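Listed here are the chains, written in short residue letters.
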Amino acid sequence: MQLLFERSHPGRGMEYLPPCDTPPAVFDADMLRAQPPRLPELSEVDLDRHYTELSKQTHGVNDGFYPLGSCTMKYNPRVNEALAALPGFSELHPLQPAETAQGALEVLFRTEKLLCEITGMTGMTMQPAAGAHGEYTGLLLIRSYHKSRGDTARTKILVPDSAHGTNPASAAMAGFTVVSVPSNAQGGVDLDALKAAVGPDTAGLMLTNPNTLGLFDPNILEITRIVHEAGGLCYYDGANLNAVMGHARPGDMGFDCVHLNLHKTFSPPHGGGGPGSGPVGCKAFLEQFLPGPRVKYEDNRYSFFTPEHSLGRVRGFYGNFAVVVRALAYLLTLGRQGIPEAAENAVLNANYLMHKLAGHYDMACCENGCMHEFVMDLSRLKEETGVTAMDVAKRLLDFGIHPPTMYFPLIVHEALMVEPTETESVETLDHAADLFLQIWQEAHEQPDLVHGAPHTTPIGRPDEVTAARKPVVRYAFES
Ligand SMILES: *Cc1c(COP(=O)(O)O)cnc(C)c1O
C-alpha cells in the first residue's frame, strides 16, 4: 500500500485554519531549522482512505477468532467504550482538585474494592500500566517488607520454569537474583526442588497460576507453605485469572500479593502496545508500602492519601484511568454471577477445542483437562512432515484466524498455545477445529503449501530478527 508521502501532491492540503492575525514569534536564527520540514500534502479524503486501508491490514477481535494464548483476547464490550468516553471522565485534568472529581475517585475506589474481593487481598494500587509493571511493583513491595525488618540477606526470587517470561525479567529489574525452579512430570512445581531451593536468602516466590501450560497447580497450598516457612513472601502472577475468577482467590491460596491484567481478564482492548493496567493487590501487612496516591472514603467524600511507608510512585498520576473505567463497567455488567460464569465458559471453551484437536495434535500436558488455555506440542508433526509450529500458525492466517502464541512456553519445543476465551461461540470453535485438522492433513499431503503460507496476506514472513534489531521507522526520501 502507498504511504502518506507517496500519496502526497505538492499544493494539496486542507486549509481549515484562517491566516494568523497575531504577530509571529521571532526566534534566533540558530534555533531555526535550515530547511522547512518535509510534510506530506494531502486532502482529507486521501488521509481518510490511507488510514482506513491501514486499519484493514491488521487483525483484531472485531475481525475474527484470536486465540493468542496467554493474552486473553476476549471481546471488548462496546458499552465500556461509551462509558470511558463520557466527558466527565475523558475531559478530567489529572491535577484538578479531588473535590471536583469525586466520580473518578469513586471509580478507582470501587474497582479496588471489587478486585480485592475477587483476589482475597485487602488493598490495591491502580498505578501500574501493565502486567509486567505490576510484577515489578509487587517485587518492590516484597523488597520494602524485608528491608523494613532489617532482613537484607533475602536477595533471591524463585521462579518456576513454567512462569511467564516477564517474571524473571521483573525480578532482575527489581534487583533480585533469579533462581529457576523446575517443573515436575505433571507440569506443576517440583516440590522437592522447591524445598531444596528455599533458604534464608529467599525473598519470595513468583508463581503464575494457572501456569503457562494452562494448568492449576494442585500443590498450591503446599507451595506457599514451603516458601512462608523459609521466611519468603509469595507473589501471584494473576494475568491468567480469567480461568479462576469468582472460583478461587490467590489470597486464600496463601499469596501475599498479586497483580491483575485488567486489559486481559476484565476486557479493555489491548495489543499493539495499547494502554494496559496492572493493579497490584496485597494483604494488610504490606499495605503500608503500596505506591501512592490511593483513594479513601471518609465523611461522604473521596480523597487521596499516601501510605505511611509508601515505596513511592511507579507511574505519573493514577495509572491508566480510562482502562480502569472499562474494567469497572465490565465488572458491574457481569456482577457476582457473571464473573464466575465467564471463567467457567473460558475453561469450557478451551477444553472443548483441545478435545477436538487431541486425536491429531499432541498436547503438552493436559491428561486431566486444561484451564483456560492449552499447549500443543508439534514435535511429532515436524518429525513426520517437516511442518513446524510456525508453518501451522502462518497457514491459519490464510483463513482469517489469528495464530496462537508460538514457541511459548519455552519448556515445550514446537509449542502452539491456544486460548479461545469465553466470548467465542461453539460455531467459531468448530470452524477453527476444522481448519486445524485441515492443516494437519495438508501437512501430510502437501507440506509445501503449508511451508509457503500465508498466501493471502499483504505481508507473509517478515525477517523478525532484522525487524526487531534494525527497524525502519522513517520514510527514506530519494533526495
Ligand atoms: C500477559 C502476561 C504478563 C505480562 O502482562 P503485560 O501487560 O503484557 O505486561 C505476565 N504474566 C502472564 C502470565 C501474562 O499472561
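Residues numbered from 1 in each chain as written. Predicted model: local features only at pLDDT ≥ 70, side-chain atom pairs only at ≥ 80, totals over all residues. Heavy atoms only, no water.

Chemist: Quick question: what am I supposed to make of unusual backbone geometry here?
Modeler: What you tend to see is this: most non-glycine residues have negative phi, and most peptide bonds are trans. Going from F408 to P409, the amide bond is cis rather than trans, its omega being 0°. Along the chain, P409 falls in the loop between β12 (405-406) and β13 (415-418). Each neighbour pair has its own omega, and for A453 with P454 the value is 5°, a cis peptide bond. Residue position: P454 is located in the loop between α15 (447-451) and α16 (464-469). With a phi angle near 80°, S70 is a residue other than glycine that sits in the positive phi range. The residue S70 is located in the loop between α2 (44-55) and α3 (78-84) in this model. (Helix = DSSP H or I, 4+ residues; strand = E, 2+ residues; numbered from the N terminus.)

Chemist: Before we go on, may I ask you to explain the environment of E287 in this structure?
Modeler: Locating E287 in the fold gives a position in the loop between β7 (280-282) and β8 (294-298). Considering only alpha carbons, one finds E287 and R143, 144 residues apart in sequence, at a separation of 13 Å. If we skip the residues at most four places from it in the chain, E287 touches T122, G123, C282, R294 and P307. Only 3.2 Å separates the side chain of E287 from the side chain of R294, close enough to count as a polar contact. (Contact = heavy atoms within 4.5 Å. Polar contact = N/O pair within 3.5 Å; in protein donor to acceptor, adjacent residues only side chain to side chain.)

Chemist: Even after reading the chapter, I still don't get the packing of aromatic side chains, so can you show me in this structure?
Modeler: Working definition: an aromatic ring pair is given by the centre-to-centre distance plus the angle between the planes. Per the stated rule, a full pass over the model turns up 14 aromatic pairs. Centroid distance F266 to Y330: 6.3 Å. Interplanar angle 75°. Geometry classified as edge-to-face. In this pair, F266 sits in the loop between α10 (262-265) and β7 while Y330 sits in helix α11 (residues 321-357), placing the two residues 64 residues apart along the sequence. Across the pair, Y330 and F266 agree in class, each one buried. Chaining the aromatic ring pairs together yields one cluster made of F5, Y475 and F477. A cation over an aromatic ring shows up here: R38 above the ring of F477, its NZ or CZ 4.1 Å from the ring centre. Above the face of the F109 ring, K113 is positioned so that its terminal group lies 4.5 Å from the ring centre. (Phe/Tyr/Trp six-rings, centres within 6.5 Å; stacked < 30°, edge-to-face > 60°. Buried < 20%, exposed > 50% of the residue type's maximum accessible area, 1.4 Å probe, protein only. Lys NZ or Arg CZ within 6 Å of the ring centre and 35° of its normal.)

Chemist: Sorry if this is basic, but what is going on with the site of the ligand here?
Modeler: Near the ligand lie 14 residues; those nearest to it are S70, G131, D237, H263 and K264. S70 is positioned with one of its side-chain polar atoms (N or O) 2.7 Å from an oxygen atom of the ligand. Between H263 and the ligand, the recorded distance is 2.8 Å, taken from a side-chain N or O atom to an oxygen atom. Within the complex, the protein chains bury 85% of what would otherwise be the 380 Å² of accessible surface of the ligand. No other element matches helix α6 (residues 131-148), which puts three residues into the shell around the ligand. Residue composition of the shell around the ligand, by class: three nonpolar, eight polar and three charged. (Near = heavy atom within 4 Å. Areas by Shrake-Rupley, 256 points an atom, 1.4 Å probe, with all protein chains shown as cover. Nonpolar A, V, L, I, M, F, W, Y, C, P; charged D, E, K, R; others polar.)

Chemist: Help me out: how do you make sense of the sheet that holds strand β11 (residues 374-377) in this one?
Modeler: Strand pairing in a sheet takes place through backbone hydrogen bonds and is either antiparallel or parallel in direction. Spatially, β10-β11-β13-β12 is the arrangement adopted by the four strands of the open sheet, whose pairing is antiparallel. The open sheet has two edge strands with one neighbour each: β10 (362-363) and β12. Note: β10 against β11, two bridges, orientation antiparallel. Note that in β11 the partner of M363 across the bridge is M376. Contacting β10, β11 and β13, α11 crosses the sheet at an angle of about 20° to β11. (Pairing = 2+ DSSP bridges. Axes fitted to C-alpha atoms, helices over the stretch in contact; angles between N-to-C directions.)

Chemist: Help me understand helix α14 (residues 426-445), please; the structure alone is not making it clear to me.
Modeler: For α14, built from 20 residues, the straight-helix expectation of 28 Å at 1.5 Å per residue is met to within 8% by its first-to-last C-alpha distance of 28 Å. Among the structural elements, α11, β11, α12 (379-385), α13 (389-397) and α15 are those in contact with the buried residues of α14. (Expected span 1.5 Å × (residues − 1).)

Chemist: Would you explain the nonpolar core in this entry?
Modeler: A general trend in soluble globular proteins is that nonpolar side chains are found buried together. Membership of the largest hydrophobic core comes to 55 residues, with the highest contact counts inside it found for L194, M245 and F266. Counting residues per element, the ones that place at least two in this core are α5 (102-119), α8 (191-197), β4 (202-208), α9 (220-229), β5 (233-238), β6 (257-260) and α11. Broken down by element, this core gets its largest block of residues, twelve residues, from α11. When sequence neighbours within four positions are dropped, the list of residues in contact with F266 reads L115, I118, L241, M245, L260, N261, R326, A327, Y330, L331 and I339. The next biggest cluster of nonpolar side chains, apart from the first, holds 29 residues, and it includes C366, A389, I401 and L429. (Core = buried A, V, L, I, M, F, W, Y, C linked by side-chain atoms within 4.5 Å.)

Chemist: Got a minute to help me understand helix α7 (residues 166-173) in this structure?
Modeler: Every α-helix winds through 3.6 residues per turn, so residues three or four apart in the chain are directed the same way. Of all the positions in α7, only N167, S170 and A171 are classed as buried. Buried residues in α7, looked at end-on, bunch into an arc of 100°, giving them a common side. Lining the buried residues of α7 we find α6, β2 (156-160), β3 (177-181), β4 and β5. Backbone geometry just after α7 places G175 at a positive phi near 95°. (Arc of directions from axis to C-beta.)

Chemist: Looking at this structure, I do not really get the sheet that holds strand β1 (residues 123-125). What am I missing?
Modeler: In spatial order, the strands read β1-β7-β6-β5-β4-β2-β3; together these seven strands make up an open sheet with mixed pairing. Of all strands in the sheet, those bounded by a partner on one side alone are β1 and β3. Averaged over neighbouring strand pairs, the angle between their axes works out to 25° when direction is ignored. Of the pairings in the sheet, the one linking β2 to β4 comprises three bridges and is parallel in character. Residue pairing for β4: I157 is matched across the bridge by G204.

Chemist: Sorry, what's going on with the packing of α5 against α11 here?
Modeler: The relative placement of two packed helices is expressed as an angle between their axes plus a distance between the axes. Direction vectors running N to C along α5 and α11 enclose 45°, while the axes themselves pass 10 Å from each other. Relative to α11, α5 is oriented oblique. Our pair here, α5 against α11, has a crossing hand that is left-handed. Together, A104, V107, L108, R110, T111, L114, L115, E117 and I118 of α5 and F321, V324, V325, L328, L331, L332, R336 and I339 of α11 make up the contact between the two elements. For the contact of α5 with α11, the per-class residue count stands at 13 nonpolar, one polar and three charged. (Parallel < 35°, antiparallel > 145°, perpendicular 65-115°, else oblique. Left-handed = near helix turned anticlockwise from the far one by under 90°.)

Chemist: Explanation requested: the pairing of β2 in the structure shown.
Modeler: Regular strands have side chains that alternate between both faces of the sheet. The buried fraction of β2 amounts to four of the five residues, a majority that puts the element mostly inside the structure. When β2 meets β3, the two strands line up parallel, connected through five bridges. Following the sheet pairing, L158 is matched in β3 by V179. Taking the sense of rotation as the criterion, the β-α-β connection linking β2, α7 and β3 turns out right-handed. (Right-handed = clockwise from strand over helix to strand, strands pointing away.)

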